[in-house]
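Report on the structure
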Amino acid sequence: MPTFNCCIYIFIFIFSSILSVCAAMCVFFFFCVCLLLFTSFFFSFFLLRSPPRHTPNFTFLVFFFFFRFPVGKSLFWEMPLPTRGSDDAAYNTRKLALLPALIGMKGLLNHHIASFDHLINVELKRILLNESNREIKSSIDPDFSIRYTNIRVCQPREIVGKGQLPKVVSPHECRTRDLTYRGDMIVDVEYTSRDRNKRPCTETDIKIGTIPIMLKSSSCNLFGKTREELVAMRECPLDPGGYFIIKGVEKVCLVQEQQSKNRVIIEADDNGNIVAHVQSKTHYSIS
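Computed from a predicted structure; not experimentally measured.

Comments concerning the overall build of the chain
Counting its secondary structure elements, the chain contains 7 helices and 10 strands. Considering the chain as a whole, with its 287 residues, one finds that 20% of them fall into the buried category. Within the chain, contacts between residues at least 6 apart in sequence are counted, and of these 50% link residues at least 24 apart.

Focus: helix α3 (residues 88-106)
Taking 1.5 Å of rise per residue, the 19 residues of α3 would be expected to cover 27 Å, and the 26 Å separating its terminal C-alpha atoms lies within 8% of that figure. Maximal helix bending in α3 amounts to about 25°, located at L99; proline P100 follows within four positions.

Here we look at the environment of L109
By the element assignment, L109 lies in the loop between α3 and α4 (110-128). What L109 contacts, discounting residues up to four positions off in sequence, is P240, G241 and G242.

Regarding the state of the cysteines
Evaluated as defined, the whole model comprises 0 disulfides. As a non-bridged cysteine, C174 has C220 as the owner of its nearest cysteine sulfur, 9.6 Å distant.

Considering the pairing of strand β5 (residues 182-192)
Alignment of strand β2 (residues 145-153) against β5, held across 7 bridges, turns out to be antiparallel. Considered in β5, the bridge of R147 is made with E190. As judged from the 10 bridges shared by β5 and strand β6 (residues 200-212), these two strands associate in the antiparallel manner. Residue pairing in the sheet places E190 in a bridge with T202 of β6.

Re the pattern of salt bridges
Using the criterion set out here, one finds 10 salt bridges in the structure. One salt bridge connects R126 with E123, and the closest N-O pair in it is separated by 3.3 Å. With R126 and E123 both in helix α4 and 3 residues apart, this pair spans about one turn of that helix.

Some points on the sheet that holds strand β1 (residues 135-137)
Ordered by their spatial adjacency, 4 strands build an open sheet running β1-β2-β5-β6, and the pairing between neighbours is antiparallel. Among the strands making up the open sheet, the edge pair consists of β1 and β6. Pairwise comparison of adjacent strand axes, ignoring direction, gives a mean angle of 30° for this sheet. Across the face of the sheet, α4 comes into contact with β2, β5 and β6 while running at roughly 175° to β2.

Examining the packing of aromatic side chains
Working definition: an aromatic ring pair is given by the centre-to-centre distance plus the angle between the planes. Tallied over the entire structure, the rule returns 2 aromatic pairs. Relative to F244, the ring of F116 has its centre 5.6 Å away and its plane inclined at 70°; by these criteria the two rings are edge-to-face. Of this pair, F116 sits in helix α4 while F244 sits in strand β7 (residues 244-246), placing them 128 residues apart in sequence. Assigned by exposure class, F116 and F244 land together as buried. Measuring from ring centre to ring centre gives 6.5 Å for F144 and Y191, while their planes differ by 55°; the resulting arrangement is tilted. On the criterion of sequence distance, the pair formed by F144 in the loop between β1 and β2 and Y191 in strand β5 is long-range, its members being 47 residues apart. Judged by relative accessible area, Y191 falls into the partly exposed class, the value being 23%.

A few points about a nonpolar patch on the surface
On the surface, a nonpolar cluster with roughly 610 Å² of combined accessible area is contributed by L96, L99, L102, I103, M105 and L108. Considering the arrangement of structural elements, one finds L108 in the loop between α3 and α4. Taking relative accessible area as the criterion, L108 reaches 62% and is therefore assigned exposed.

About the cut-offs
Residues numbered from 1 in each chain as written. Predicted model: local features only at pLDDT ≥ 70, side-chain atom pairs only at ≥ 80, totals over all residues. Heavy atoms only, no water. Helix = DSSP H or I, 4+ residues; strand = E, 2+ residues; numbered from the N terminus. Buried < 20%, exposed > 50% of the residue type's maximum accessible area, 1.4 Å probe, protein only. Contact = heavy atoms within 4.5 Å. Expected span 1.5 Å × (residues − 1). Bend = angle between axes of the 7 residues up to and from the residue. Disulfide = S-S within 2.5 Å. Pairing = 2+ DSSP bridges. Salt bridge = Lys/Arg side-chain N within 4 Å of Asp/Glu carboxyl O. Axes fitted to C-alpha atoms, helices over the stretch in contact; angles between N-to-C directions. Phe/Tyr/Trp six-rings, centres within 6.5 Å; stacked < 30°, edge-to-face > 60°. Patch = residues over 30% accessible without salt bridge, like charges linked within 9 Å, V, L, I, M, F, W, Y side chains within 5 Å. Areas by Shrake-Rupley, 256 points an atom, 1.4 Å probe, with all protein chains shown as cover.

The structure is reproduced here in C-alpha cells:
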C-alpha cells in the first residue's frame, strides 16, 4: 500500500510539472503574440502613416509570414519574376523585358574585355612564374641561370625620337597610321653574374616583347575616360570596345560555342528518348 501511494504521488508530481511547463509556454507564446501585434499596429498607424508607393503594410507582412494567409505575391512585387507556365508567349515577353537591364549592367562585349583582363593580370603571371618557366639555366655554363620574378603589360606607347619620352598612342592614331595598338611586356629578372663570385644580380623593366591591347580593357588608354575625354581623343563615346587594331585594321575574336568536356550531358534525342553522353578529355590532349 505505501508503494502504491508513492507511485501516485510521483505520477501527480510529473503530471503537474508537465502542466506547469505547458502553461508557462502558452503564457509566453500569448505574450509574444500580443507584443508582436502591438508592435505591428504601432509601426502601421504611427511610424508608417504615409508609406511610400509599393511599400507593403507592416501588419500585413506580420500576418502573411507568421500565419501564412493565402495572398499572392503580386501585392509585394510590381513585376513578377519570369516563371515558365502554360503561356510561353507571356514567359518570353517577361524575359525580353529583363534584357535591357542586363545589357545596361554588363554590356554586350563585357565577356571579351573580362577575358582579356584575366589574361593580362592573371594568366601571364601564372605562365611565366610556373615552375617549368620561372628559371632558365644555360646549357654552356651550368652555374648561370635567369629567374623571372614579375611580368606586367604597359599601356600603348610610341617612342617619337631618341632620348625622348614615349608618347601615348590613341586607337584613332593607330587606325589612321596603319599601326598596331599594342603594349610592351616588361619583366623583372634575377640572374647570377658570370664572374668568380657568382653573386646574384637583379634587373628590372626589361622588354621581352609586345602584345596587342584590346580596346576598353584595363591596359587600354581609353579605360576610365569620360565622354568629353573620349571626344577629345577622337573616339566615339558609344564604342563598346572589345576588339583589337592590327596594322590599322580592326579585328575581333569570334566566340565559338563548344560542348563541355568531361561533363555528363543529358538530353532528349529525335525520338524523345532521354540519353546521356560525355566527351572525355585530359589536359594532355592537343585538340
